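# Fold and contact review
Now for the letters of each chain:
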Amino acid sequence: MCGRFTLTAEAINLSERFEIPLKEFTWLPRFNIAPSQSCLTIFIENQQRQIDSMVWGLIPHWSKEKRSNYQMINVRSETLKSKPSFQNLFKTRRCLIPADGFFEWKATRSGKIPFRITLKNGDLFAFAGIWDIWKDKNGEEIKSFAILTTASNSVVNPIHNRMPVILQKTDEAMWLNSSNQIALEQILQKTYPSNEIISYEVSNIVNFWKNDYPICIQPI
């Protein structure tokens, strides 16, 4: 699964990496992004790449309540196509969630230990996601998303058996634009190479969602 992640890059670096004009968004580095918070999401609208702030925790358009049992932060990629509630989102509302790391907790006899997982080279990357727009009868509109998950690779597996789907940079445009469902399923079946990522233990200060400081990503 993925319950916290980081996006510590400056706006100019995000603009260059994801080919979004800087004037389209503002961003301050985040060191402990938690569910129900808003963060940057990249999607296609009117055949153009767009970026917007969305709530982390998918609220499907058919949900009767703004906060409901259907709100979810993760969706298993293996069942994405088979579940009717996600089929249309898989076809038409896929997104990229920019990140530069995520946290996972390893269960031990003495308690859960937090780890941060990043690319070895420190580069930005993108999670694969789906998104939707929920509207109430008064016209209030909320854009929200869920991060897709898959089986962990050999680096993450000793910590947790699930991890977010990290897209290869060469697959990002296809994930956003393609209508070829077979090709998209093949993208989801790829496990991010273990030799390109690292994990390291961090302070349990990350356990509290209000802590959003550089110390959250410092190794111990």
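By the naming in an unreviewed UniProt entry, the chain goes by Abasic site processing protein and is assigned to Protochlamydia amoebophila. Listed under Sequence similarities (unreviewed entry) in UniProt, the entry text for the chain is "Belongs to the SOS response-associated peptidase family."

### With respect to the layout of surface pockets
Volume-wise, the largest pocket comes out at about 160 Å³. Lining the largest pocket are Arg17, Leu119, Asn121, Asp123, Leu124, Phe125, Leu167, Gln168, Lys169, Glu172 and Tyr192. Across the lining of the largest pocket, the residue classes tally to 5 nonpolar, 2 polar and 4 charged.

### Re the pairing of strand 10 (residues 141-151)
Buried residues dominate strand 10, accounting for 9 of its 11 residues. Examined bridge by bridge, strand 4 (residues 48-56) and strand 10 share 2 bridges and lie parallel to one another. Residue pairing for strand 10: Trp56 is matched across the bridge by Phe145. Sheet analysis places strand 5 (residues 74-76) next to strand 10, joined by 3 bridges and oriented parallel. Residue pairing for strand 10: Val75 is matched across the bridge by Leu148. Both strand 9 (residues 125-135) and strand 10 contribute to a ladder of 7 bridges, which runs antiparallel. Bridge pairing in strand 10 places Lys135 opposite Glu141. Linkage of strand 9 to strand 10, two consecutive antiparallel strands, is achieved through a turn of 5 residues, within which Gly139 is found at a positive phi near 95°.

### Observations regarding unusual backbone geometry
If you check the backbone angles, Glu19 has positive phi at about 60° while not being a glycine. Mapped onto the elements of the fold, Glu19 is located in the loop between helix 1 (11-18) and strand 2 (30-33). A positive phi angle, close to 80°, is found at Ser36, a residue other than glycine. Tracing the chain through its elements places Ser36 in the loop between strand 2 and strand 3 (38-45).

Cut-offs applied
- Sequence order sets the numbering: in each chain, residues are counted from 1 along the sequence as written.
- Where local features are concerned, this predicted model is filtered to residues with pLDDT of at least 70; where side-chain atom pairs are given and counted, the filter is 80 or more; whole-chain, interface and lining totals use all residues.
- Remark: hydrogens and water are excluded; side-chain values derive from all non-hydrogen atoms of the structure.
- UniProt positions are given in the numbering used here, feature names are shortened, and annotations may be inferred rather than shown by experiment.
- Buried and open spaces are told apart on a 1 Å grid over the protein atoms alone, a cavity being a set of points where a 1.4 Å probe fits but cannot get out and a pocket being an open set with protein on both sides within 12 Å along at least five of seven lines. Residues with an atom within 4 Å of a point are the lining residues.
- Grid points are joined across faces, edges and corners, and a volume is the space filled by probe spheres set on the points.
- Ten residues, namely Ala, Val, Leu, Ile, Met, Phe, Trp, Tyr, Cys and Pro, are considered nonpolar, four, namely Asp, Glu, Lys and Arg, are considered charged, and the remaining ones, Gly among them, are considered polar.
- Relative accessibility decides the category of a residue: with a 1.4 Å probe and only protein chains considered, values under 20% of the type maximum give buried, values over 50% give exposed, and everything between is partly exposed.
- Helix numbers and strand numbers start at the N terminus; a helix is a DSSP run of H or I with at least 4 residues, a strand a run of E with at least 2.
- At least two DSSP bridges between two strands are needed for those strands to be called paired.

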